[in-house]
Amino acid sequence: MAIREILTVPDPRLKQVSKPVEGGVTDEIRALMDDMLETMYDAPGIGLAAIQIGVPLRVIVMDLAREGEEPQPRYFVNPEILETVEETKPYEEGCLSVPDIFDEVERPARCRIRYLDYNGNLVDEWAEDLYAVCIQHEMDHLKGTLFIDYLSRLKRDRAIDKVKKARLRAIREDAN
């Protein structure tokens, strides 16, 4: 397993639409998911889409275990949302590709999803609460959408500027 670099805004690769995984869940895809999970834990975060490490495939990893709980990794290959409910809930979201920026996004409170798991088994289930928020957020990445795209243009531009400035500060500090 290896920790990979997480792309941050305004990297244009984050706007790419991810392609479906062909041929099912192979050892190569499992190795990718293992790297993604290690990268996500190191960041730390609760969800990561493959495009966030520069791999434009429909692959997501997630772990919603709270601090002090046993890890509960989840793996999603070729996930799709089959159905959502009309009821929406606001949730303050953040993103490893938009570090240190948080804002409220309103999403369907529940959604029915289908995907292949780590072993290639087909799973069809309902997601709710934080699970529903997180899977919808990560699936947005597969379409080239970031949570800041739901914000006003002013808030989105400010968020991108803040990330750029933080990156420049880090580069300067590393140079010294």
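Going by the structure above, here's the rest.
The text that follows walks through the structure, step by step, so that each part is easy to find. (Residues numbered from 1 in each chain as written. Predicted model: local features only at pLDDT ≥ 70, side-chain atom pairs only at ≥ 80, totals over all residues. Heavy atoms only, no water.)

1. Re the overall build of the protein
1) Next: Scanning the protein from terminus to terminus reveals three helices and seven strands.
2) Next: For the protein, the sequential pattern of α-helices and β-strands runs α-β-β-β-β-β-β-β-α-α.
3) Next: For the protein, the spread of C-alpha atoms along the three principal axes comes to 50 × 40 × 35 Å.
4) Next: The burial tally for the protein puts 42% of its 176 residues in the buried class.
5) Next: Summarising the internal contacts of the protein: among those between residues at least 6 apart in sequence, 63% fall at separations of at least 24.
6) Next: Only carbon and sulfur atoms are counted for the fraction: they give 48% of the accessible area of the protein, which is about 10,000 Å². (Helix = DSSP H or I, 4+ residues; strand = E, 2+ residues; numbered from the N terminus. Buried < 20%, exposed > 50% of the residue type's maximum accessible area, 1.4 Å probe, protein only. Contact = heavy atoms within 4.5 Å. Areas by Shrake-Rupley, 256 points an atom, 1.4 Å probe, with all protein chains shown as cover.)

2. Here we look at the layout of surface pockets
1) Next: Empty space within the largest pocket amounts to approximately 560 Å³.
2) Next: Taken together, 23 residues form the lining of the largest pocket, with Gly 45, Ile 46, Gly 94, Cys 95 and Leu 96 sitting closest to its centre.
3) Next: Mapped onto the lining of the largest pocket, the elements with two or more residues apiece are strand E4 (88–95), strand E5 (98–108) and helix H2 (129–142).
4) Next: Approximately 170 Å³ is the volume found for the second largest pocket.
5) Next: Taken together, Ile 46, Leu 64, Ala 65, Arg 66, Glu 69, Gln 72 and Leu 130 form the lining of the second largest pocket.
6) Next: Of the residues belonging to the lining of the second largest pocket, the class tally is four nonpolar, one polar and two charged. (1 Å grid on protein atoms, 1.4 Å probe; cavity = no way out; pocket = protein on both sides within 12 Å on 5 of 7 lines; lining within 4 Å. Points joined across faces, edges and corners; volume = space filled by probe spheres on them. Nonpolar A, V, L, I, M, F, W, Y, C, P; charged D, E, K, R; others polar.)

3. Regarding the packing of aromatic side chains
1) Next: Counting across every chain of the model gives three aromatic pairs.
2) Next: Ring centres of Phe 76 and Tyr 115 lie 4.5 Å apart, and the angle between their planes is 55°; this geometry places the pair in the tilted category. Here Phe 76, found in strand E3 (residues 73–84), pairs with Tyr 115, found in strand E6 (residues 110–116); they are 39 residues apart in sequence, far enough to count as distant.
3) Next: Every member of this aromatic cluster is reached through a ring pair, and the members are Phe 76, Tyr 115 and Tyr 131.
4) Next: Against the face of Trp 126 rests Arg 110, its NZ or CZ located 4.4 Å from the ring centre. (Phe/Tyr/Trp six-rings, centres within 6.5 Å; stacked < 30°, edge-to-face > 60°. Lys NZ or Arg CZ within 6 Å of the ring centre and 35° of its normal.)

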